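Chain and residue survey
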Amino acid sequence: MASLKFKIAKPDSEILTAFVLALITLLTRLIYTEHYFVDADTVGFALGSVSYSLEFTRPHLPGYFLHVEIIAFLRKIFGNVHTVMLLLSVFYSSLGAFFTYLLLRKWLNKITSVIISFLVITNPMVWYYGSVTDSYTFDWFFSVFIVYLMLDKKYVLFIPLLIALGAGIRQSTGFFLAVIFYLFFFWEKLYKNFKFSRLLISHIIAAAAGLTWLIPMVNSADGIENYLKLYSANSPLPRISIFQNFYQMSSYLVFVIVPYAAAAVEILFQWKSLKRIHLQIDYKMLKLILIWLIPPLLFFIFIVYSKGYFLLIIVPFYIILGIFLKDGLISPAPLIISVFINVLIFFYFPYNTPSIESMLNPMIRTIKNYEVWYERTTSSYLMAKSRIEYNDVSMEEISFLINQYSGSKGRGDISYFFLDPTSSYFARGLQYEFPKLKLITMNQLSMGKYVLYENLDITEKRGLQDVLKNCVIISRSDFYSEYLFKYSGSSFSSSKYELMIPDEKFIKKIFDQYNFLFLR
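Heads up: these notes are all about the structure in this document.

Parameters at a glance
Residues numbered from 1 in each chain as written. Predicted model: local features only at pLDDT ≥ 70, side-chain atom pairs only at ≥ 80, totals over all residues. Heavy atoms only, no water. Pairing = 2+ DSSP bridges. Helix = DSSP H or I, 4+ residues; strand = E, 2+ residues; numbered from the N terminus. Axes fitted to C-alpha atoms, helices over the stretch in contact; angles between N-to-C directions. Contact = heavy atoms within 4.5 Å. Phe/Tyr/Trp six-rings, centres within 6.5 Å; stacked < 30°, edge-to-face > 60°. Buried < 20%, exposed > 50% of the residue type's maximum accessible area, 1.4 Å probe, protein only. Lys NZ or Arg CZ within 6 Å of the ring centre and 35° of its normal. Parallel < 35°, antiparallel > 145°, perpendicular 65-115°, else oblique. Nonpolar A, V, L, I, M, F, W, Y, C, P; charged D, E, K, R; others polar.

1. Some words on the sheet that holds strand 5 (residues 471-476)
The seven strands lie next to each other as 4-3-2-1-5-7-6, forming an open sheet whose pairing is mixed. The sheet is open, and its two borders are formed by strand 4 (457-462) and strand 6 (488-493), each paired with just one other strand. In this sheet, neighbouring strand axes are inclined to one another by 30° on average, regardless of whether the strands run parallel or antiparallel. Inspection of the sheet shows strand 5 paired to strand 7 (residues 497-502) by four bridges, in the antiparallel sense. Looking at the pairing, Ile474 lines up with Leu499 of strand 7. Against the sheet, helix 20 (residues 385-406) engages strand 1 (416-419), strand 5, strand 6 and strand 7, with an angle of about 30° to strand 7.

Set out below in structure tokens:
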């Protein structure tokens, strides 16, 4: 009897390489992740998965409807919403790495594609947002995925549908990718490849898919009119100038320019020998890179930039270096060195606790703007493991103080926990941890106003001075020692924070002091 022989198909080498890079991304993100919700936006997503309400910023505008629905669905499977959001962040990171390599191979050789992929994977900003519960890694994955499909005519008709669905997860991502897709679609005249009827059907299906999340999202605010009114009270756009926006954005850009700085050093030292090198430009690729890079970048500079927005354009930003490497303008050395520098920054760059001076009203602080910029770049905007550790420790210490006070007899008339401007960053995370407590923070833009965090809700109220009579105050220890100690009746301490029970006769002085120091 003849023996049967089975042939095992060899996996495609490019898919295998992409899979290995995705696996490396997965494992490196799991080395260290945050342990507590900290960022207000992520808590809004988490609470929105329990009870969706745009009025109470569960989540913040514009709504992130599908993102919250995905979290709610997975929460039923995994139980822990924090774990679910971390897994989503890591999952999007892994997909981002997978499609980054495959896209790069459309234009670059294998070695160059691997090096640029590692530049992206190890970038401190990409790594940081892959290790916390924010949603920015979706921007990385989805932008690369859509651009990858744009290069194959057989997928073009599916792209409007995918963008419509992606916009339900992050509305800004959908908006930018729609701009990128249609600019490329008309510039390259891709419409000539399809009958009008097929294009029409494609867009009707996409519109219908978009309405499946847009209608319930708007209806959750009782209609389009009320939805739009929410922007006057809860606008996600900060009230800052173009200069202030770029000032903030520049802190984040520090963490993406390392490879360019390394490449510039090599070019500088080899300038004479490089004059004979001619770049071989693929103009279709150049068009796509410029379309992908420039519109979002102009928006980030002149309208608003926040946190991990740059992940949307990090790949085309580094593809330029891939072109330089492919055509011999630079060697692999500066880029490989940059990969190691990226790793060192993420794991070993120390968190620089911002001084109290840098947190004060700009009209009264004595330190220079560049000093404030440096402090914030190495603390609040730091893209490193040490920032995650600092936030986790802060959450643990403040939670310890709250539990310690709650377990004591305390003052019977205390109803509120006031997280002053030195600790208010953790208010939303603490709301998630202590939903039955009444937490308040100071509105630093309007005298006498405060924000109340109670149960799942956030509301803005007037009468901070009156409420302080029934508060304990949670502050950073250094601020307490310098400004509050003399007004304290008693207190509970941790290494970084102090929970103070104020002496009732000093409430007016405490209120005036906070206004003088922090009101803008």
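2. Details of the packing of aromatic side chains
Applying the stated criterion across every chain yields a total of 55 aromatic pairs. Seen from their ring centres, Tyr227 and Tyr231 are 5.6 Å apart, and the 80° between their planes marks the pair as edge-to-face. Taken together, the residues Tyr227 and Tyr231, both in helix 11 (residues 224-234) and four residues apart, mark about one turn of the helix. The class of Tyr227 is buried, set by a relative accessible area of 7%. For Tyr231, a relative accessible area of 28% corresponds to the partly exposed category. In this structure, Lys385 packs its charged tip against the face of Tyr32, placed 5.1 Å from the ring centre.

3. A closer look at the packing of helix 8 (residues 159-169) against helix 9 (residues 171-187)
Remark: helix 8 packs on helix 9, axes separated minimally by 6 Å, with the N-to-C direction vectors making an angle of 155°. By the criterion of interaxial angle, the relationship of helix 8 to helix 9 is roughly antiparallel. On the side of helix 8, the interface is formed by Ile159, Pro160, Ile163, Ala167, Gly168 and Ile169, while helix 9 contributes Gln171, Gly174, Leu177, Ala178, Phe181 and Tyr182. Grouping the constituent residues of the contact of helix 8 with helix 9 by class yields nine nonpolar, three polar and no charged.

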